[in-house]
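# A structural walkthrough
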Amino acid sequence: MIRFDQVTKLYAGNNRPALNSVTLEILRGEFVFLVGASGSGKSSFLRLVLKEENPSKGQIHVLGQNLGKLTSRKVPYFRRNLGVVFQDFRLLPQKSVFDNVAFSLQVIGKSKGFIQEAVPDVLKMVGLAGKSGRLPHELSGGEQQRVAIARAIVNKPAILLADEPTGNLDPSTSAGIMTLLERISGGGTTVLMATHDAGIVDQMKRRVIELVSGQIVRDERQGGYQTQALPVQRQAPPPTETGLGAQR
Amino acid sequence: MRVGLVLSEVGQGLRRNVSMVVSIILVTFISLTFVGAAILLQQQINQMKGYWYDRAQVAVYLCTQYDEGGNCNSVEATPEQKANIEQQLKSAVLAPLIKRYDFEDHDAGYARYQQQFSSSESSGFVTPDFIPETFWVSLKDPSQSDAIVERLSGVAGVEEVFDQRKYLQPIFDALNAASYTAIGIAGLMLIAAVLLIATTIRLSAFSRRRELGIMRLVGASNRFIQTPFVLEGVVAALIGSVLASGAIVAIVHFFVQGYLNATPSATPFVDLGDAFIVVPILIMGGICLAALSAAVAIRRYLRV
């Protein structure tokens, strides 16, 4: 589903790679947590999967496609197979809940009939059936994130990327969002979630990939936020380097 | 569905940036009016050239007893000299260039002089012997006059060989200068128009950056993202070029046809037919310019 081969990502003007020779494979239907400190490379990882960035070295395959060989003309069509959710929701403030979700279908050319059918379905699934006419600012944070999730999955993507989706939410609301993501995963969608939320990771007991300074230091089935077992160490960086200067 | 969505985006963009859109309309209007005026001036010059050059002749003035210039020395051209000049005109060198020539003697020249300068005071003193005898030569190609001038200027009995086109040259020079000035102003204004369109489109894209971000995220195609912005620029420029076309047609109708044509003159002027040739040029030019500059301006927002 997602395969990284020796992927290194360097940003201009920064000698330390954001990702350093990362190799991993994520299979269909897996639920994967990506954990690590701020600047450890989680967001870079997600951006590479989305092909918002290109790797400096190495190859990335997503959904059977070699992203290095994907022309920029084809990138939009590739992204239709991915759903993305962010910490800050990124809803359109002037559009209602229904229109926010419908917008993502309109712009990829879906028919009116399809939209009229698919949007209420997905809103029902995320638990917002009665609120399709509301504007985003009339909703709670958790509800806004549900709208964002509805928008991400309405086109039935094979992969759902979530960048700290619970980062702005309180624990009980977060739990609701996680239940939703679990349900989506149960439907066969591969979910890749970057998070800082130790409680959620510990509770879910799913695959955990830990990044430190751009390197995978742990890849554990049914892991917790911090490892209980011996980590899969691969040239872990010296622990002395901390602070903002060392990050990314 | 998609067409409706694109058009509603265009409408939104135009409403959101009314003041910028109005300035695009005005700048394209003025610049394209200058472009149109320059084209009309060139058409006018061509028309006048065609008209006058057909009528312009080369005059071979012969000596009179009062002439001291040329090859004269105050001696009237003799019949032998006239025969020699006529021989030259019929020669293998000049004959192929000449459509026809006529000889005008003192009396005929005097009659024409009286007719043309009847109101002038000097007409009372002038007698037929003052008026030189003349060969009026019409050329097949008026631009070949130099050959005649060179060949006949040195011949005995010739006072001067004069190409009438020289009278017209200053007029054409002035018209040419006017048309180049119009093109220059139009060029500067068009640069302003292009930059203004690009700025407006960037502003419009900036105010819609949330939508653009989401569109890119969910996989809207570049063309879909680009089209509303390009159309926005095109609509504004189209309005400007339609106004410019209206101005050009109005100038030809009211000023050239209504005013200039009403004054007595033999000069032919451009007409509405010429103006309607300019209209599609202005409209297509305006549309292409706007589409190109908008497409370039929006490209930054399409980078994936």
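Looking at an unreviewed UniProt entry, one finds chain B named Cell division protein FtsX, with Terrimesophilobacter mesophilus as its source organism. Taken from UniProt, the Sequence similarities (unreviewed entry) comment for chain B reads in full: "Belongs to the ABC-4 integral membrane protein family. FtsX subfamily." Per UniProt, the comment on chain B under Function (unreviewed entry) is "Part of the ABC transporter FtsEX involved in cellular division."

The name given to chain A in an unreviewed UniProt entry is Cell division ATP-binding protein FtsE, with Terrimesophilobacter mesophilus as the source organism. Checking UniProt for chain A, the heading Subcellular location (unreviewed entry) contains the comment "Cell membrane". Among the UniProt annotations of chain A, the heading Sequence similarities (unreviewed entry) holds the following wording: "Belongs to the ABC transporter superfamily."

So, on to the interface of chain B and chain A. The interface of chain B with chain A comprises 17 residues on the first partner and 25 residues on the second. Taking both partners together, chain B and chain A bury about 1900 Å²; carbon and sulfur atoms supply 66% of that area. For the pair chain B and chain A, the interface holds zero salt bridges. Across the chain B-chain A interface, the total number found is three residue pairs in polar contact (both at pLDDT 80 or more).

This paragraph deals with the state of the cysteines. Residue and element names in this part refer to chain B. For the structure on display, the rule yields one disulfide over all chains. Across the disulfide, C63 is cross-linked to C72 (sulfur-sulfur distance 2.0 Å). Classification of the bridge connecting C63 and C72 rests on its S-S torsion, roughly -80°, and on that basis the disulfide is left-handed. Comparing C63 with C72, the two get one shared label, buried.

Thresholds applied
- Residues numbered from 1 in each chain as written.
- Chains lettered and ligands numbered in written order.
- Predicted model: local features only at pLDDT ≥ 70, side-chain atom pairs only at ≥ 80, totals over all residues.
- Heavy atoms only, no water.
- UniProt positions renumbered as here; feature names shortened; annotations may be inferred.
- Contact = heavy atoms within 4.5 Å.
- Buried area = accessible area lost by both parts, 1.4 Å probe.
- Salt bridge = Lys/Arg side-chain N within 4 Å of Asp/Glu carboxyl O.
- Polar contact = N/O pair within 3.5 Å; in protein donor to acceptor, adjacent residues only side chain to side chain.
- Disulfide = S-S within 2.5 Å.
- Buried < 20%, exposed > 50% of the residue type's maximum accessible area, 1.4 Å probe, protein only.

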